[in-house]
Amino acid sequence: MKALVFNGPRDIRFEDFKDPERTVDNAVIMQVEKCSICGSDLHIYHGDQIGTTNYDEDQHKFCVGHEFIGEVVEIGPDVHDLKVGDKVLAAGGTGCGTCTLCLTGQPGKCRKSTAFGLSHEMNGGQAEFVQIPNADKTLMRIPDGVSDEQAVLLTDALATASFGINNTGLEPGQSLAVVGLGPIGLLGIELAFLRGASQVFAIDPIAARRVHAEKLGAVAFAPGTEAIGAILAATKGGVNCVFEASGASSAVASTLPLVRMGGALSFIGLPQPGVALPLGHILYKGLTVKAGVAPVPDLWKPLIPLLQTGRLKAAGLFSHEMDLADGAEAYRIFDAREESVIKIMMNVS
Ligand SMILES: [Zn+2]
Ligand SMILES: [Zn+2]
């Protein structure tokens, strides 16, 4: 098959790769139709670190990508809820499917839990075909009334944004600031209003992303002391909640002056190495801090009716549509933030 294959930092190539084989009974083989690039894929692209894996060191070649939808083409004997021909979306990661945590619906806490496309141990879906272990829990048939674009967003970005906004504990009438206006930050704005936010402030250095945030009803600023001053003035002392969706040190640091006494911070951006939060500030301000990786399938049930009824639109995020064969160029554009890129959809088949 053809796939986008990690050959080293800034060297993701569209090339031949061995067809995936079903290695466990609870797996299916999926033929990928559409996939997208995530901000976290850029950590791989840059040769940075994710968890304990350093992508600047020698890696076996592997297929990248954890955001994809497609069709089930082969099924293992321990898969019960799916059949060949089902059109499905995949959670961005999964567990083994056989330990107690997996069997009780908590694959994110499984010791073997991992995202797709981080190493050769679980190849990703920026490829023509991909093996999906623990398939009953990891895949969902794409529901009626959910578009392909929305289905791709449900694989990670929309679920992650929802998890992060839920973690702020925002109550109706409260104010919220979003730091980092990639797709997850932008989705966070829409979700915060759905949850009842009275005011949403949005911070990002890129003008096109601020324009998108303002269309969603947020008041947007470039990062800096002026933004913080304006938000403190508008909220008479700081927002109730901050949703941090970047992971950059400066973005993380900016959350502390933005939040009011007794407020809440929610972090979902993958932190740059060495990013720290000063405990003294958190303690004296009496803040609630939450962070984590979204248990993606748990978020599908509440999000799908919102999408089906049009209450949640999650629209306008795919600024680019390209073919998988142009994946190397797609990574280059996404990394360089050229052409006002927000998110890139790639057509596979
Ligand atoms: Zn992602
Ligand atoms: Zn497990």
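This is a predicted model, so every value here is computed, not measured. (Residues numbered from 1 in each chain as written. Chains lettered and ligands numbered in written order. Predicted model: local features only at pLDDT ≥ 70, side-chain atom pairs only at ≥ 80, totals over all residues.)

Tallying secondary structure elements over the protein chain gives twelve helices and 20 strands in all. On C-alpha atoms alone, the protein chain measures out to a radius of gyration of 20 Å, which is about the 20 Å that the 2.2 N^0.38 rule sets for 349 residues. If one aligns the C-alpha atoms of the protein chain with their principal axes, the spans along those axes are about 60 × 40 × 35 Å. Looking at the protein chain residue by residue over its 349 residues, the buried ones come to 48%. Looking at the protein chain alone, contacts between residues at least 24 apart form 70% of all its contacts between residues at least 6 apart. (Helix = DSSP H or I, 4+ residues; strand = E, 2+ residues; numbered from the N terminus. Rg over C-alpha atoms; globule rule 2.2 N^0.38 Å. Buried ≥ 20, exposed ≤ 12 C-beta atoms within 10 Å, placed from the backbone. Contact = placed C-beta atoms within 7 Å.)

Here we take up unusual backbone geometry. Of note, Arg10 is a non-glycine position whose phi angle comes to about 55°, a positive value. By the element assignment, Arg10 lies in the loop between strand E1 (2-6) and strand E2 (12-16). The phi torsion at Lys236 lies on the positive side, around 55°, for a residue other than glycine. Looking at where Lys236 falls in the secondary structure, it is placed in the loop between helix H8 (225-234) and strand E16 (239-244). By C-beta crowding, Lys236 is classed as exposed, having 8 other C-beta atoms within 10 Å.

Another aspect to go through is helix H6 (residues 183-194). The first and last C-alpha atoms of H6 sit 17 Å apart over twelve residues, in line with the 16 Å expected at 1.5 Å per residue. Burial within H6 is extensive, with ten of its twelve residues counted as buried. Count one or two residues on from H6 and you reach Gly196, which has phi positive near 110°. (Expected span 1.5 Å × (residues − 1).)

The next point concerns the domain arrangement of the protein chain. Here the protein chain is described as being made up of domain 1 (2-156 + 296-347) and domain 2 (161-291). Each of domain 1 and domain 2 was reduced to a C-alpha centroid, and the two centroids are 27 Å apart. Counting from both sides, the interface comprises 18 residues of domain 1 and, opposite them, 14 residues of domain 2. Top element by residues in the side of domain 1 that touches domain 2 is helix H11 (residues 296-308). It accounts for three residues. (Domains from an automatic or database assignment.)

In space, the three strands of this open sheet follow the order E2-E1-E6, with antiparallel pairing throughout. Two strands lie at the open edges of the sheet, namely E2 and strand E6 (62-63), each paired on one side alone. Strand direction decides the pairing type here: E1 and E6, joined by two bridges, are antiparallel. Counted as the bridge partner of Val5 is Cys63 from E6. Contacts from helix H12 (residues 327-336) reach E1 and E2, with the element oriented near 170° to E2. (Pairing = 2+ DSSP bridges. Axes fitted to C-alpha atoms, helices over the stretch in contact; angles between N-to-C directions.)

In this section: the environment of Cys110. Tracing the sequence through the fold places Cys110 in the loop between helix H2 (100-103) and strand E10 (114-115). For the pair formed by Cys110 and Lys285, sequence separation is 175 residues and the distance between their alpha carbons is 34 Å. Not counting residues up to four positions away in its chain, the partners in contact with Cys110 are Gly95, Cys96, Cys99, Leu101 and Cys102.

Closest axis-to-axis distance for the helix H5 (residues 157-168)/H6 pair is 8 Å, and the angle between their directions is 55°. With respect to H6, the axis of H5 lies oblique. Viewed along their axes, H5 and H6 form a crossing whose handedness is right-handed. Taking contact as the criterion, the partners of Ala157, Leu158, Thr160, Ala161, Ser162, Gly164 and Ile165 in H5 are, on H6, Pro183, Ile184, Leu187, Gly188, Leu191 and Ala192. For the contact of H5 with H6, the class distribution of residues is nine nonpolar, four polar and no charged. (Parallel < 35°, antiparallel > 145°, perpendicular 65-115°, else oblique. Left-handed = near helix turned anticlockwise from the far one by under 90°. Nonpolar A, V, L, I, M, F, W, Y, C, P; charged D, E, K, R; others polar.)

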